[in-house]
Protein chains: 2
Amino acid sequence: MKIIVDAMGGDNAPMSNVKGALDAVRDFGVEVTLVGRGEDILKCLEELGEKDLPAGLEIAHASEVVEMCDNPATAFREKKNSSLTVGLTLLKEGKGDAYVSAGSTGALLSAATLLVKRVRGIRRAAMCPVVPTAKGGALLIDCGATAECTPEYLLQFAFMGSYYAERVLKRPEPRVGLLNIGAEPSKGTDLQRETYVLLKKAGDEGRINFIGNVEAKEAVLGQADVIVTDGYAGNIFLKTMEGAGSFMAGEMKKMFKKNLLTKLAALMVSGGIRSFKKLMDSREVGGTALVGISRPVIKAHGSSDDYAIRNAIRQARDFAASGIIDDIVENIEHMRLPRTVKAGESGEEIRQDS
Amino acid sequence: MKIIVDAMGGDNAPMSNVKGALDAVRDFGVEVTLVGRGEDILKCLEELGEKDLPAGLEIAHASEVVEMCDNPATAFREKKNSSLTVGLTLLKEGKGDAYVSAGSTGALLSAATLLVKRVRGIRRAAMCPVVPTAKGGALLIDCGATAECTPEYLLQFAFMGSYYAERVLKRPEPRVGLLNIGAEPSKGTDLQRETYVLLKKAGDEGRINFIGNVEAKEAVLGQADVIVTDGYAGNIFLKTMEGAGSFMAGEMKKMFKKNLLTKLAALMVSGGIRSFKKLMDSREVGGTALVGISRPVIKAHGSSDDYAIRNAIRQARDFAASGIIDDIVENIEHMRLPRTVKAGESGEEIRQDS
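As the structure is a prediction and not an experimental result, all values here were calculated from the model.

Engineer: For the pairing of strand β11 (residues 287-291) of chain B, give the residues involved together with the corresponding values.
Structural biologist: All names here are of chain B. Of all 5 residues in β11, 5 are buried; the element is thus mostly enclosed. Note: strand β5 (residues 126-128) against β11, 3 bridges, orientation antiparallel. Its bridge partner lying in β11, Cys128 is registered against Ala289. Between the end of β11 and the start of strand β12 (residues 297-300), which pair antiparallel, lie 5 residues, with Gly292 showing a positive phi angle near 105°.

Take a look at the structure:
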C-alpha cells in the first residue's frame, strides 16, 4: 500500500507533513511518496535526524506550491508542477493507492474532480468527516463540497456514506438518517421531502438502513451512523459543533482556573479532562474523506500537525483497503434517477436537476 | 402592562404556568391574564395556597385545549374555545400587551399569523431565540418558523432581528451577520449570495450594522449579535448547539462521577458547574420571540417549568415595552423589494419569490 502525501499543503508544511509521513511509515507499515520541493523535504528529514531517505519513503519532486490566494477552481491547471497536480496525477496513474493533502480544500476538490474524475454516474463529490457524538461518532456527508444539492445528490451521498461507515468505520448495517428539522416525512424544505421518498425506497429495497429524518440534536446524541445532508447545512452542523466544543472547553478552563482549590480539582480529574479533549480533537481522525472520486482522496485539516498527518495517512490506508469505490461502481444504477421518475408512494413527480 | 398567558399549553400545564404567572406578578409588577379552564386554574391556585384570586391576576375561561395531535394549521379554527384562540383574540383586541404560550409551536405560528396577522408588508414571521455564545448570547433569526426563505425574507429578518437585539437585548448598534459557510460574499447557495447584496446595501445606507457573512463556529464564539438565516439552517444551528451542550454535559458528568476523588473535585468546582449549567439553560431566557406579527408573541419551551414561564413573561413584558413593532412599521419600505430590482454592485437581477 502506497500513500501519496502532499508535503507542501497546510499551515505547518513541510515539517509536520514530513514528520507525520515518517511516523506513518513506522507505525502503519505503509509506503509514502512525499510530493513537493525535494530540497525542502530533504532538509526536514535531516532536521529529523534522517540523513538517508528511510525505507518506505520516497520523494516526487514538484517545484510549485498552491497558495491560498490562488483561484481554487484553476490552481491545478495554472500550476502544473505543484504538489497538488503532480500528486493527483500520480494517483490517477495508479502510482499510489490514495492521496492526502492539508492544502486548500477548494483547490483539492476541483483538481480531484477534474483530474482524477468522479466515479462514472456520481453527480457530485462529497466531503465526509467523522463528527464526535455521544455514541462514538458519525459520518457527516456532505460538509461543504457541494453547497447546493438535488435529491439525487443526497441519494448518492446516502449510499456512499453507508458504504464508508460500514467498511471504514466498521459499523454493521449503518443507520442512515436524513438531517432535518423534525421527524415526520413532511418536515423541511422540498429538498428534504423529495429526498426522504428516495431514501425510504432505497431502505425498503434493503440497499441501505434508512432510519428516517434525524434532528440535529439527536444526530449529536448518536441516533445515526451516517448523517445525510447538503453541503450548506452540513457545514453549519459541523462548524456549530466545533464552535460549541471550543466555547465549552473555554468555559471549563475558566471554571478550573478560578483559584487554588479549583486548580487542585483540575488535577484530580486530569485523566477525564484528557479524554474529554481527545473526544473533541479532530486530529484523532486525521482528515476528511472525499468520496465520489474514482480514487481515494483524504483532506487533512489545514492546521494539521504531524500527529494529524500521521492519522490522515492511516485513514487513507483504510479508505484504499476498504473497497468502497468498487461498491459504488457496482451499485451505481440504484443511485441514479431517470430524467423523470414517479416517486413510489407519494405519486409525485420528482424532476432531476439538469 | 398586562401579559396574556396560555395556562393549558406545555408539558407541565396548568400547574407550572399558573405558578410561573404568580411569580411573575410578584417579581415583575406585571398583570397577567391566565387563559384556560377556569376550574383547573383555580385548583392550581388553591394548591399553591391562594384561596382568593391574587391582585394582578385574572382568569379568562377557555374550555378547550389544543393538543399535539391537532392539525397545527387549523387547530385555532377548529377549537374556537381553546386557550390559544381565546388568548390570541384578547391580544388582537388590545385586551393585553403580549401573549405567552408553551403549547404547540406550529399551532401558535398559524394562529398568530392568521388571527393576529403579520405587520403589513412583512412576508413571513420568524422565531428568534437567544442562543448562548462565548460573548453573552446572540439572537438567532429564524430558527424554524419559515424553513424555505427568499432573500427578501432574510432582509426582513435582518431588520427585525437588529431592532430586537438593540431594544430588548440592549445591544447598541447590534452586529448583524449572515450565517454562511465562508466569509467571502461568493460563498453559500444562491440564497446567501443574493441576501448578502441586500444586507450590504442596508448596511451601506446605515440602516443596520451588517458585518458580512459569519461562519457557524464564529457565530458560537460571539462574532455577531444577530445571526440571520433561513429557518432550516437556523434550526440545524440551534439543535446542534443543544445537542452539543447535552453531549458535553453528559461527558462532564461521567468525568466527575468516576470515583471518590473525582466526586470530591466536583464539590470543589460546584460553583463553576452551576454557572456552566446556567449558561446553557434555555429556562433563563424563558422563551422565543415570534417577530413579524403585529402584536408581541412569545413561545415558551414545551418543557417549561414555572421558572421558565416566569422568565418568558418577563421577556414578553420587555418585548411589549420595547417598541420594536413600531420600528418595523416605520421602516417597512426599506425591507421590501419591488418585483424586480437591480442589485447594486453586482448588476444581477434579483427576482422576488411570488
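Engineer: Residues and numbers for the relation of the copies chain B and chain A, please.
Structural biologist: Relative to chain A, chain B is turned by 180° and slid 0.0 Å along the rotation axis, the superposed coordinates differing by an RMSD of 0.0 Å. Overall, the copies show the geometry of a two-fold rotation axis. Of every C-alpha in chain B, the one belonging to Ala265 of chain B sits nearest the axis of rotation, 2.2 Å from it. When the interface residues of chain B are mapped onto chain A, 100% of them again lie at the interface, so the same face is used by both copies.

Engineer: So what about the environment of Phe28 of chain B? Which residues, and what values?
Structural biologist: All names here are of chain B. Examined against the element boundaries, Phe28 turns out to sit in helix α1 (residues 15-28). Separated by 283 residues in the primary sequence, Phe28 and Asn311 place their C-alpha atoms 9.6 Å from one another. Every residue in contact with Phe28, bar those within four places of it in the chain, is listed here: Arg310, Asn311, Arg314 and Arg317.

Engineer: Explain the sheet that holds strand β8 (residues 175-180) of chain A to me, using residue names and the numbers behind them.
Structural biologist: All names here are of chain A. Taken together, 5 strands build an open sheet; the order of strands is β6-β7-β10-β8-β9 and the sheet is mixed. The open sheet is flanked by β6 (130-131) and β9 (209-215), the only strands paired with a single partner. Sheet topology places β8 next to strand β10 (residues 226-228); 3 bridges connect them, and they run parallel. By the bridge assignment for β10, Val176 is matched with Val226.

Engineer: So, the sheet that holds strand β12 (residues 297-300) of chain A: which residues are in play, and what are the values?
Structural biologist: Residues and elements named next belong to chain A. Taken together, 7 strands build an open sheet; the order of strands is β3-β2-β1-β4-β12-β11-β5 and the sheet is mixed. This sheet does not close on itself; its edge strands, each paired only once, are β3 (57-61) and β5 (126-128). The average undirected angle you get between the axes of adjacent strands in this sheet is 25°. Against the sheet, helix α5 (residues 105-116) engages β4 (98-101), β5, β11 (287-291) and β12, with an angle of about 170° to β12.

Engineer: An account of helix α13 (residues 324-331) of chain B is requested, with residue identities and associated values reported.
Structural biologist: Given 3.6 residues per helical turn, the α-helix brings residues three or four places apart onto the same face. Residue and element names in this part refer to chain B. The set of residues buried in α13 consists of Ile324, Ile325, Asp327 and Ile328. Projected down its long axis, α13 shows its buried positions confined to an angular sector of 155°, all on one face. In this fold, the buried residues of α13 make contact with α6 (151-167), β11 and α12 (306-322).

Scoring rules and cut-offs
Residues numbered from 1 in each chain as written. Chains lettered and ligands numbered in written order. Predicted model: local features only at pLDDT ≥ 70, side-chain atom pairs only at ≥ 80, totals over all residues. Heavy atoms only, no water. Buried < 20%, exposed > 50% of the residue type's maximum accessible area, 1.4 Å probe, protein only. Helix = DSSP H or I, 4+ residues; strand = E, 2+ residues; numbered from the N terminus. Pairing = 2+ DSSP bridges. Least-squares fit on C-alpha atoms with pLDDT ≥ 70 in both. Contact = heavy atoms within 4.5 Å. Axes fitted to C-alpha atoms, helices over the stretch in contact; angles between N-to-C directions. Arc of directions from axis to C-beta.

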